[in-house]
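Architecture and fold: a report
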Amino acid sequence: MRERGLTPIAAACYVGWRSPRVRALVTRTPPDPDVIPVRPGEEIDAAAVGAYVAGRLPGASGTPEIWQFPGGHANLTYLLHYPGGPNYVLRRPPPGDLPASAHDMGREYRVLSVLYQAFPPAPRAFLYCEDTSVIGRPFFVMERRRGTVVRREVPPEFGGGNDPVANRKLSQVMIDTLAGFHAVDPKAAGLETLGKPEGYLARQVKGWTDRWERARTKDVAAAPEVIGWLNDHMPPSPPPTLVHNDWRLDNMAVAEDDPARCVAVYDWDMCTVGDPFTDLGTLLSSWFELGEEYAFLASMPSRTPGFMTRAEAIQRYAERSGRDVSRMPYYYVFGLFKMAGVVQQLFYRWHKGQTKDDRMAGGEAVAEGLIGRARAHIESHG
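A short tour of the structure in this document, coming up. Keep in mind it's a predicted model, so treat the numbers as computed, not measured.

The full count for this structure, using the stated rule, is 14 aromatic pairs. Each ring, one from F119 and one from W268, has its centre 6.2 Å from the other, and the planes form 75 degrees; the classification is edge-to-face. Within this pair, whereas F119 is found in the loop between α4 (105-112) and β4 (125-129), its partner W268 is found in the loop between β8 (258-265) and β9 (272-274), the two being separated by 149 residues in sequence. Grouping residues by exposure puts F119 and W268 together as buried. Taken together, a centroid distance of 5.7 Å and an interplanar angle of 15 degrees make the contact between F181 and W247 stacked.

With that settled, the discussion passes to the pattern of salt bridges. Considering all chains together, one arrives at 22 salt bridges under this definition. Between D246 and R248 there is a salt bridge; the shortest N-O distance is 2.8 Å. With respect to burial, D246 and R248 carry one shared label: buried. Across the pair R310 and E289 runs a salt bridge whose closest N-O atoms are separated by 3.9 Å. Residue R310 is located in helix α9 (residues 310-321), and its partner E289 is located in the loop between α8 (277-284) and α9; the two are separated by 21 residues in the primary sequence. This pair shows no difference in class: R310 is buried, exactly as E289 is. Each of the salt bridges in this network shares a partner with another, and the network as a whole consists of D32, D34, R144 and R146.

Between its terminal C-alpha atoms α9 stretches 16 Å, which fits the 16 Å expected from 12 residues at 1.5 Å a residue. Turning to α9, its buried residues are R310, A313, I314, R316, Y317 and A318. G322, located one to two residues past α9, shows a positive phi value of around 80 degrees.

This part takes up the side chain of E292. Along the chain, the position of E292 falls in the loop between α8 and α9. Within the structure, E292 has its side chain in polar contact with the backbone nitrogen of E289 (distance 3.0 Å). A polar contact is formed between the side chain of E292 and the side chain of R373, at a distance of 3.5 Å.

Glancing now at the sheet that holds strand β5 (residues 139-143). With antiparallel pairing, five strands are arranged side by side in an open sheet as β1-β2-β3-β5-β4. What marks the edges here is a single partner per strand, and that holds for β1 (65-68) and β4. Each strand axis lies, on average, 25 degrees off the axis of its neighbour in the sheet, ignoring direction. Strand direction decides the pairing type here: β4 and β5, joined by four bridges, are antiparallel. By the bridge assignment, A125 is partnered in β5 with M142. Taken strand by strand, helix α3 (residues 46-53) contacts β1, β2 (76-81), β3 (87-92), β4 and β5, and its axis lies near 115 degrees from that of β4.

The next thing to look at is the nonpolar core. L115, W247, W268 and W287 are the most contacted members of the largest nonpolar core, which totals 86 residues. A per-element tally of this core places helix α10 (residues 328-351) first, with 11 residues. Leave out the neighbours within four places in its chain, and W268 touches R91, E108, V111, L112, L115, F119, A122, P123, F181, H244 and W247. If you look at the next biggest cluster of nonpolar residues, it comprises 21 residues, including I66, Y82, L90 and I135.

All right, on to α8 then. Every α-helical turn comprises 3.6 residues, leaving residues that sit three or four positions apart pointing alike. Of all eight residues in α8, eight are buried; the element is thus mostly enclosed. F277, T278, D279, L280, G281, T282, L283 and L284 are the residues of α8 that are buried. Buried-residue contacts for α8 involve α5 (164-182), α6 (200-215), β6 (241-243), α9 and α10.

On to unusual backbone geometry, then. Phi at N245 takes a positive value of approximately 85 degrees, unusual for a residue other than glycine. Mapped onto the fold, N245 is located in the loop between β6 and β7 (252-255). Positive phi, normally seen in glycine, also occurs at D267, with a value near 65 degrees. Secondary-structure assignment places D267 in the loop between β8 and β9.

The sheet contact formed by β7 and β8 spans four bridges and is antiparallel. Paired with A253 across the strands is A264, a residue of β8.

About the criteria used
- Residues numbered from 1 in each chain as written.
- Predicted model: local features only at pLDDT ≥ 70, side-chain atom pairs only at ≥ 80, totals over all residues.
- Heavy atoms only, no water.
- Phe/Tyr/Trp six-rings, centres within 6.5 Å; stacked < 30°, edge-to-face > 60°.
- Helix = DSSP H or I, 4+ residues; strand = E, 2+ residues; numbered from the N terminus.
- Buried < 20%, exposed > 50% of the residue type's maximum accessible area, 1.4 Å probe, protein only.
- Salt bridge = Lys/Arg side-chain N within 4 Å of Asp/Glu carboxyl O.
- Expected span 1.5 Å × (residues − 1).
- Polar contact = N/O pair within 3.5 Å; in protein donor to acceptor, adjacent residues only side chain to side chain.
- Pairing = 2+ DSSP bridges.
- Axes fitted to C-alpha atoms, helices over the stretch in contact; angles between N-to-C directions.
- Contact = heavy atoms within 4.5 Å.
- Core = buried A, V, L, I, M, F, W, Y, C linked by side-chain atoms within 4.5 Å.

Here is the structure:
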């Protein structure tokens, strides 16, 4: 995957000149423009990783160089670089106390060890380590996929946000790939026992309500109203499909020469079998339009010219999937509430000193803003 990488100088500023060891690290040239030196507090033992994967992965011999992919706020992703040899990607949970059902490396490995055969954008996972004595957490290793990950801004190779055709392709590829994923037969993929689809939506609402309460650091007046509305207006779910549970533009990579072609989808640790509309609602929760306040969560360039509106995205999903989308206002509110819970959990970890990642410092205000958007949507749509 390709992101807006940091130069060695910028990377040095990012981690800080704290010791001779750190200074030596940041002056090395990264082997890939996508990676940075590992952030303080998120280091892993390269020798231990090398010893564990040796003989288990083709070409993995000796101690790899460990670099970090800078994106993401939850699970941590590293590049295992063998000079003159292959590259692999390692995924592990973050430090600190974690929700029992989140950051499930075993689940993510199970999904990615088979899903690539039915859904080509899924990277193939090669091995899983549940022995926490190796690096302190379970982890798995998967193939390195190359492509462009688009985050807050459209990159220059796609017009820098000024090409309406490229922008529209970026919005369409998210929907088309999601519809393609939801068309995968869980049984044919070997994942039919991954979840319990009966009562899935009700469990999701209850689960995110519980997480919100556990991570709450202040009273948000609109939260009880939103929670009550989600419980009182719950629709019947359509036939179950595989569900990603964190479908976003920055969890995808597109071809470096074609924003309409998805080459990878990442972050599968919450994949299950359930209500497909929860995936679309999660995606729409960060799909801001012109005239909307979005400063607290500008996670994708959805306000650039040519990018589809939420209504257009919903309609395209209906056309690609053949599903009735008339109840999407409910799922959009659910997505906003779920995203508020995710952000609040990240803030809680920072607030409690379980992470030093200062990107999470503003999370409390972000979560409150999302709850406010959910209430506003309820008021405007009943």
